[in-house]
Amino acid sequence: MKNKNSGVNSKLIHSGGFEDLLGSATTPIYQTSTFKFKNADHGAACFTGKEDGYIYTRIGNPTIEELENAVADLEGGFGGIATSSGMGAITTVYMAFLGQGAHMVSHNAVYGPARGVMESLFSKFGVEYDYVDTTDIENVRRAIKPNTRLIYTETPANPTIGITDLKALAKLAHDHKIPLCVDNTFCSPYLQTPLDLGADIVLHSMTKFINGHADIVAGMLVAKSEDHYKLLRGIMANMGCNMDPHQAFMTRRGLKTLGIRIDRAQENAKKVAVFLEAHPKVEWIRYPGLKSHPQYELAQTQMKGPGAMLSFEVKGGFEAGKVMMDSVELALLAVSLGGIETLIQHPASMTHSKISREAKIKAGITDGLVRLSVGIEDAEDIIQDLDQALQKV
Ligand code: LCS
């Protein structure tokens, strides 16, 4: 964008920097696997990096690049690396910083497969790890070892909605010369910009709020430094977890309405949270916009709003929660989150089922925890739906 001081909603629409020769208002879908060189010298120069030019879509593509530039601009980073999925972004980060004998400290309440892939796959290659509650920075301090090469967290965390102090965590990481990667999926850059708080890499499952329409799976990494950007881009391209041009077009389209979607979902979530907190059949609720949230004060300063994700437990635990989930009519009983439709799911048996029960309990993922992603329907209808489902309990 020409005006670097533009507001976030203007950036959502106009960032990316693509100027179409024919004047197309949207970035065209460059549905091609490869690109013609001007001549042999040009081809060789593209490969050495002496000249700019597209080579092959796994390495780079204009439609994908426009999305990468837009998200990097919103996050305030050097550059973005789009991936086939959020998991593609996670495995790229692990591959970039961890190898034989290296150690990672991560949050104990991260998206289930982010932990599962470490425990079942990376451990086979001699990578060590500790999962601790990063909402208490002292736990991270105690877990750091001489061979720690990556600190990784999610805030708010999936599914406990725990909030980690990113400024404090970045300081600790940098005191030990360790990079910090933050999964910003639950907020999106509309509500939180971790690089501004000291993180080195931001990660997204763009499947969620950024695309927002439950029709695309996609991921993104944004690096603050050029060195990290180059490292991550090379690994993404070599692992082949690149985005597809059509996927990029769809995600870029979703990104344009991120602001108005989050504003609306968040307003709904605030009303739903107040309703659930007062409901006699609800045992507890975690929502960053409620004073009852343990990190309420931190949320006020670190996030631009409390977002649209919450978790709660129905009195009577899992059995009661199950009755409720089976009784919703408007909300969809489905995994994923951050879309226009309200989604309800049970992390212990669904998104986090591959983690041992002991580890789940330690992380606060109780058997009765139900996660709600509040959509943009009418708030009254969402509340009425949850109310009728709770009455069946
Ligand atoms: N990070 C977070 C915080 C997530 O919630 C997810 C997916 C991922 C990364 C992975 O992204 P993906 O590869 O799916 O694009 N979370 C899901 C969830 O909570 N339900 O279904 C998927």
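Definitions and cut-offs
Residues numbered from 1 in each chain as written. Predicted model: local features only at pLDDT ≥ 70, side-chain atom pairs only at ≥ 80, totals over all residues. Heavy atoms only, no water. Domains from an automatic or database assignment. Contact = heavy atoms within 4.5 Å. Buried area = accessible area lost by both parts, 1.4 Å probe. Salt bridge = Lys/Arg side-chain N within 4 Å of Asp/Glu carboxyl O. Polar contact = N/O pair within 3.5 Å; in protein donor to acceptor, adjacent residues only side chain to side chain. pLDDT = per-residue confidence, 0-100. Helix = DSSP H or I, 4+ residues; strand = E, 2+ residues; numbered from the N terminus. Near = heavy atom within 4 Å. Nonpolar A, V, L, I, M, F, W, Y, C, P; charged D, E, K, R; others polar. Pairing = 2+ DSSP bridges. Axes fitted to C-alpha atoms, helices over the stretch in contact; angles between N-to-C directions.

A. Examining the domain arrangement of the protein more closely. Here the protein is described as being made up of domain 1 (8-255) and domain 2 (258-390). Summarising the inter-unit geometry, the C-alpha centres of domain 1 and domain 2 are found 26 Å apart. At the junction of the two partners, domain 1 supplies 41 residues and domain 2 supplies 39 residues. A buried area of about 3100 Å², summed over both sides, lies between domain 1 and domain 2, and 63% of it is on carbon and sulfur atoms. It is I163, L191 and F209 that lose the most area in domain 1 upon contact with domain 2, and together they represent 23% of the buried surface on that side. Between the two partners, domain 1 and domain 2, sit zero salt bridges. The tally of links from domain 1 across to domain 2 stands at 17 residue pairs in polar contact (both at pLDDT 80 or more).

B. Broad picture of the confidence of the model for the protein. Summarising the model, the protein shows a mean pLDDT of 97, and 100% of its residues fall at 70 or more. Looking at the elements of the protein, mean pLDDT is at its lowest for helix α13 (residues 357-363), recorded as 92, and at its highest for strand β7 (residues 219-223), recorded as 99.

C. Quick look at the site of the ligand. Near the ligand, the surroundings consist of 19 residues, among which D183, T207, K208, S336 and R371 are the closest. The contact in question runs from an oxygen atom of the ligand to an N or O atom on the backbone of M87, over 2.8 Å. A distance of 2.8 Å separates a nitrogen atom of the ligand from a polar backbone atom of S336. Considering every element that reaches the shell around the ligand, the biggest residue donor is helix α4 (residues 86-97), with three residues. Here the shell around the ligand is composed, by residue class, of seven nonpolar, eight polar and four charged.

D. Structural detail: the sheet that holds strand β6 (residues 201-205). In spatial order, the strands read β1-β7-β6-β5-β4-β2-β3; together these seven strands make up an open sheet with mixed pairing. Looking at which strands have only one partner, the edges of the open sheet turn out to be β1 (79-83) and β3 (128-132). If you compare each strand with its neighbour and ignore which way they point, the axes differ by 20° on average. Across five bridges, the pairing between β6 and β7 is antiparallel. Paired with S205 across the two strands is G219, which belongs to β7. This element, helix α8 (residues 226-239), spans β1, β6 and β7 of the sheet and lies at about 15° to β1.

E. Main features of the sheet that holds strand β12 (residues 369-373). With mixed pairing, five strands are arranged side by side in an open sheet as β8-β9-β12-β11-β10. The open sheet terminates on both sides in strands that have one partner only, identified here as β8 (282-286) and β10 (332-333). The pairing of strand β11 (residues 343-345) with β12 spans three bridges and is antiparallel. When the sheet's bridge partners are listed, L343 is paired in β12 with S373. The sheet contacts of helix α12 (residues 317-327) involve β9 (309-314), β10, β11 and β12, and relative to β9 the element is tilted by about 120°.

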